[in-house]
Amino acid sequence: MTSSIPGSCCFTGFLHQGNPKGEIEQINNIRAYIAHPEGDEKPNKAVILLSDIFGIFPNSQLVADAFAVNGYLCVLPDLFNGDQVSIGDYDAKAIDIGAWISRHTVDDVAPIVEATIKYLRTKLHVQNIAAAGYCFGGKYVVRYLKVGQLDSGYIAHPSFVTEENWVRFRGLSLSLLQHDTIFTMANRHASEETLIRTGQEFQINLFSGISHGFAIRGDIKQPRVRFSKEQAFAQAVAWFNHTL
């Protein structure tokens, strides 16, 4: 069971308004946006935000800030070494999708995720680490959701997923769509079967009437999209509060 090939919904979206409050720092040679929970200099819980293809941009920074408001140190690593897609590139025909994907394979991205986990565990001595993966980043949540790596995981509308990723399931929370051309109903049902076989605790929330990408780059001027985005984020926080 795999997700469908990337479509336009993976490369388009809406820019959200707000003033990010975190800081850009270096984790070894990795650029990262870090949002600290107020008044907690040495937090023992952290969330790694594994982004969609737009990487470190206002939308993902604002979500990282929201995790910090909820008491989590949040680290948003640059999974693409400065080669993230910009909102508008697809419509302007300014991106070669095949070439971009070929530059950001598992061999390219996995070391960045691993270095971020290592930084939190060995440098900052964070005891409990979760990851929230949106679209592109979702597959890496599942990949590292194992003892000694990630302690909890949340995924919203995953893409670029292979069957190998899903057999790694531990307990997991997912925000999925009723109709998603990238992660289809068949994908959803197969993932449910896999989760049930693991015997691990899991949660799936299903949202109707919205599009792939809603939890990170949807048009929040639309009430249904805003509601769904807010509920998906609340789901992630509640899951981490429960599992960490």
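Quantities reported herein were computed from a predicted structural model and do not represent experimental measurements.

Analysis parameters
- Residues numbered from 1 in each chain as written.
- Predicted model: local features only at pLDDT ≥ 70, side-chain atom pairs only at ≥ 80, totals over all residues.
- Heavy atoms only, no water.
- Helix = DSSP H or I, 4+ residues; strand = E, 2+ residues; numbered from the N terminus.
- Rg over C-alpha atoms; globule rule 2.2 N^0.38 Å.
- Buried < 20%, exposed > 50% of the residue type's maximum accessible area, 1.4 Å probe, protein only.
- Contact = heavy atoms within 4.5 Å.
- Areas by Shrake-Rupley, 256 points an atom, 1.4 Å probe, with all protein chains shown as cover.
- Lys, Arg positive; Asp, Glu negative; His and termini not counted.
- Charge placed at Lys NZ, Arg CZ, Asp CG, Glu CD.
- Pairing = 2+ DSSP bridges.
- Right-handed = clockwise from strand over helix to strand, strands pointing away.
- Phe/Tyr/Trp six-rings, centres within 6.5 Å; stacked < 30°, edge-to-face > 60°.

J.: Would you explain the overall build of the chain in this entry?
T.: Scanning the chain for helices and strands turns up 9 helices and 8 strands. Computed over C-alpha atoms, the radius of gyration of the chain comes to 16 Å, within 12% of the 18 Å expected from 2.2 N^0.38 for 244 residues, which places it in the range of a compact globule. Taken over the C-alpha atoms alone, the chain extends approximately 45 × 40 × 40 Å along its principal axes. In the chain, which comprises 244 residues, the share counted as buried stands at 50%. For the chain, restricting intrachain contacts to residue pairs at least 6 apart in sequence, the fraction spanning at least 24 positions comes to 72%. Working note: accessible area of the chain is about 11100 Å², and carbon and sulfur atoms make up 48% of it. When the 21 basic and 24 acidic side-chain charges of the chain are each reduced to a single mean position, those positions are 2 Å apart.

J.: Would you take a moment to explain the pairing of strand β8 (residues 202–207) for this structure?
T.: Along any regular strand the residues' side chains alternate between the sheet's two faces. Bridge count between strand β7 (residues 172–177) and β8: 6 bridges; the pairing is parallel. Across the sheet, the residue bridging to Leu176 is Leu206, located in β8. Handedness of the β-α-β unit built from β7, helix α7 (residues 185–198) and β8 comes out right-handed.

J.: I would appreciate a short explanation of the packing of aromatic side chains in the present structure.
T.: Given two aromatic rings, their pairing is described by the distance between the two centres and the angle made by the two planes. Evaluated as defined, the whole model comprises 12 aromatic pairs. Residues Phe11 and Trp100 carry aromatic rings whose centres are separated by 6.3 Å and whose planes lie at 85° to one another, so their mutual orientation is edge-to-face. One end of the pair, Phe11, is in helix α1 (residues 8–11); the other, Trp100, is in helix α3 (residues 97–102), and 89 residues separate them in sequence. Taking the relative accessible area as the measure of exposure, Phe11 reaches 0% and is therefore buried. Ring geometry for Phe207 against Phe214: centres 5.1 Å apart, planes inclined by 50°, an arrangement best described as tilted. Just as Phe207 is buried, Phe214 falls in that class too.

Read these as spatial facts, not as claims about activity.
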